[in-house]
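Coordinate inspection notes
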Amino acid sequence: VAVKEGGDYNASKWYAVGRRSNELAYIMPDQKTLYASDDGTNVVFHKFVADEAGDFSSGTLYAAKLNQTTDGSKGGTFGVEWIDLGSATSEEIEKAAKTLKFHDMFEVAKPEVNFETEPYTAVCPEGFEAVNTGGTGLECLKVKDGMDTVASRLESRRYSAMKGATTELSKFEGVSFDPKRNKLYAAVSSLKNGMEDNQKGGEDDLSYDIGNGNDIKVAYNKCGCIYTMDLDESSSVTSMSPLVCGDPNGGDELNECNIDEIANPDNVAYLDGLDVLLIAEDTSKHENNVLWSYNIDEGTKDRIMMVPKGAEVTSPYLYKLGEYDYIMAVSQHPQEETTDASNSGRAGQIGYIGPLKLTST
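A brief look at the structure comes next. (Residues numbered from 1 in each chain as written. Predicted model: local features only at pLDDT ≥ 70, side-chain atom pairs only at ≥ 80, totals over all residues. Heavy atoms only, no water.)

1. Observations concerning the side chain of asparagine 258
With respect to the helices and strands, the residue asparagine 258 is situated in the loop between strand 18 (237-245) and strand 19 (265-271). Residue classification places asparagine 258 among the buried residues on the basis of a relative accessible area of 16%. For asparagine 258, the side chain forms a polar contact with the main-chain nitrogen of aspartate 260, separated by 2.9 Å. (Helix = DSSP H or I, 4+ residues; strand = E, 2+ residues; numbered from the N terminus. Buried < 20%, exposed > 50% of the residue type's maximum accessible area, 1.4 Å probe, protein only. Polar contact = N/O pair within 3.5 Å; in protein donor to acceptor, adjacent residues only side chain to side chain.)

Written as structure tokens, this is what we have:
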């Protein structure tokens, strides 16, 4: 959505960027590189590079391949490679989306599982690829002739899986950029399902890893983590490691996750003027959700806002109005579980901290 002075706006879909359960997209300073998060089960980390700066109607889509370099007991450390999914324009994808159905793009075969050797493997007929993404389970797919470009944008998760990308991330949500350190930050709401090693919630379960590369093998953490990512000179992510994680072992009768640590981070926002990272919670594992201010250099954090029971914190951001800055955030569906007279139903509430007069650090 492009908003003009006076309130007029233009809205358009960026079909060329691909399809997923978009939680947040972040456009890098080069105005060409876009990182897209994906709020779902067994999902993919995508990067899009536009053909022209500021115009995201055409360009090349990439999917991340993660290569784990640690044992995963504390969230894992990963090298990141990018798989080219091809170029496309929004015009051609929009046209195709109006008429094509799933079976116009893919052939489907019945999958089998080989239980004779470990690790167990998916078995597909010749010419078909095993995929397991988006919470749909094991599938055997083959792209029909001439349908690669359309499939890469309308079924971006499945197509990424067929090309060898990692499709095991769980609720990969908010993304933000830190220009001071040249890093990205991303919220992973909980480390579970495909991110585990053939487990679900710490118990043996093949359903999320069979049919994919099982690239991610980290310990179950229902409270989630914020990951930090290194960037090269072309604004491409090269590695990924935990910055701060929630504590699933320090809870109490009202809070499944330790109240002095984060729980199920949903959105993040780096504030250049303050040199801190805002972390917004969307959790049932804290009785009251919190907006945290995380000091990156010191590794410390402070609560700067708490919302009523039943609400999540959304839309953290720093806005500049004139000479002053304002930290904005939203309490979404507050007090929906209460029945007293103060209940505001599911109506959201917008708040701010400010005015603040900041200097760039």
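2. Points about the pairing of strand 5 (residues 46-52)
Judged from the four bridges that link them, strand 4 (residues 33-36) and strand 5 form a sheet pairing that is antiparallel. Note that in strand 5 the partner of tyrosine 35 across the bridge is lysine 47. The hairpin turn running from strand 5 into strand 6 (residues 55-68), its antiparallel successor, is two residues long, and glycine 54 in that turn takes a positive phi close to 80 degrees. (Pairing = 2+ DSSP bridges.)

3. Quick word on the state of the cysteines
All chains considered together, the criterion is met by three disulfides. Residue pairing for cysteine 223: its cysteine sulfur links by disulfide to cysteine 257, the two sulfurs lying 2.0 Å apart. Because the torsion about its S-S bond is -100 degrees, the bridge between cysteine 223 and cysteine 257 counts as left-handed. Here cysteine 257 lies in the loop between strand 18 and strand 19 and cysteine 223 lies in the loop between strand 16 (203-204) and strand 17 (225-231), a separation of 34 residues in the sequence. Using a relative accessible area of 0% as the deciding quantity, one classes cysteine 223 as buried. One disulfide bridge connects cysteine 225 with cysteine 245, the sulfur atoms lying 2.0 Å from each other. Disulfide cysteine 225-cysteine 245: the torsion about the S-S bond is 105 degrees, which places it as right-handed. (Disulfide = S-S within 2.5 Å.)

4. Structural notes on helix 1 (residues 90-97)
Residues spaced three or four apart along an α-helix face the same direction, because each turn holds 3.6 residues. For helix 1, the complete set of buried residues consists of Ser90, Ile93 and Ala96. Down the axis, helix 1 shows its buried residues gathered within 135 degrees of arc, on one side only. Facing away from the buried side of helix 1 by more than 90 degrees, the exposed set consists of Glu91 and Lys95. For helix 1, the elements touching its buried residues are strand 6, strand 7 (78-89) and helix 3 (148-154). (Arc of directions from axis to C-beta. Contact = heavy atoms within 4.5 Å.)

5. As for the sheet that holds strand 8 (residues 106-109)
The three strands are arranged 8-12-11 in an open sheet whose pairing can be described as antiparallel. The open sheet is flanked by strand 8 and strand 11 (129-132), the only strands paired with a single partner. Each adjacent strand pair in this sheet contributes to an overall mean axis angle of 45 degrees, direction not counted. As paired strands, strand 8 and strand 12 (residues 138-143) are joined by four bridges and run antiparallel to one another. Looking at strand 12, one finds that phenylalanine 106 is bridged to valine 143. (Axes fitted to C-alpha atoms, helices over the stretch in contact; angles between N-to-C directions.)

6. Thoughts on the pairing of strand 20 (residues 276-281)
Most of strand 20 is tucked away, with six of its six residues classed as buried. The alternating pattern of strand 20 places Val276, Leu278 and Ala280 and Leu277, Ile279 and Glu281 on opposite faces, both of which are buried. Across six bridges, strand 19 lies against strand 20 in antiparallel orientation. Of the residues in strand 20, the one forming a bridge with tyrosine 270 is leucine 277. The hairpin formed by strand 19 and strand 20 contains four residues between the paired strands, and aspartate 275 there has a positive phi angle of roughly 55 degrees.

7. Description of the environment of glutamate 281
Take glutamate 281: it is sitting in strand 20. Using a relative accessible area of 0% as the deciding quantity, one classes glutamate 281 as buried. Note: C-alpha distance between glutamate 281 and glutamate 139 (142 residues apart in sequence) is 33 Å. Engagement of the side chain of glutamate 281 in a polar contact is seen with the side chain of histidine 286, the distance being 3.0 Å.

8. Remarks on the packing of aromatic side chains
Per the counting criterion, the structure on display carries eleven aromatic pairs. Taking the centre distance of 4.9 Å and the plane angle of 25 degrees together, the rings of tryptophan 14 and phenylalanine 56 count as stacked. Here the residue tryptophan 14 occupies a position in the loop between strand 2 (9-10) and strand 3 (25-27), and phenylalanine 56 occupies one in strand 6, the gap between them amounting to 42 residues. We classify tryptophan 14 as partly exposed; its relative accessible area is 39%. With relative accessibility at 4%, the residue phenylalanine 56 sits in the buried group. Taken together through their ring pairs, the aromatic side chains of Tyr35, Phe45, Trp82 and Phe172 make up a single cluster. (Phe/Tyr/Trp six-rings, centres within 6.5 Å; stacked < 30°, edge-to-face > 60°.)

9. Quick look at the layout of surface pockets
The computed volume of the largest pocket comes to approximately 520 Å³. Lining the largest pocket are 20 residues, with Tyr26, Ser176, Ala269, Pro316 and Tyr317 positioned closest to its centre. For the lining of the largest pocket, the elements supplying multiple residues, two or more each, are strand 3, strand 13 (172-178), strand 19 and strand 23 (312-321). In terms of residue class, the lining of the largest pocket is made up of 15 nonpolar, three polar and two charged. Surrounding the second largest pocket, 13 residues form its lining, Trp14, Tyr15, Gly18, Arg19 and Asn22 being those nearest its centre. Grouping the constituent residues of the lining of the second largest pocket by class yields seven nonpolar, two polar and four charged. (1 Å grid on protein atoms, 1.4 Å probe; cavity = no way out; pocket = protein on both sides within 12 Å on 5 of 7 lines; lining within 4 Å. Points joined across faces, edges and corners; volume = space filled by probe spheres on them. Nonpolar A, V, L, I, M, F, W, Y, C, P; charged D, E, K, R; others polar.)

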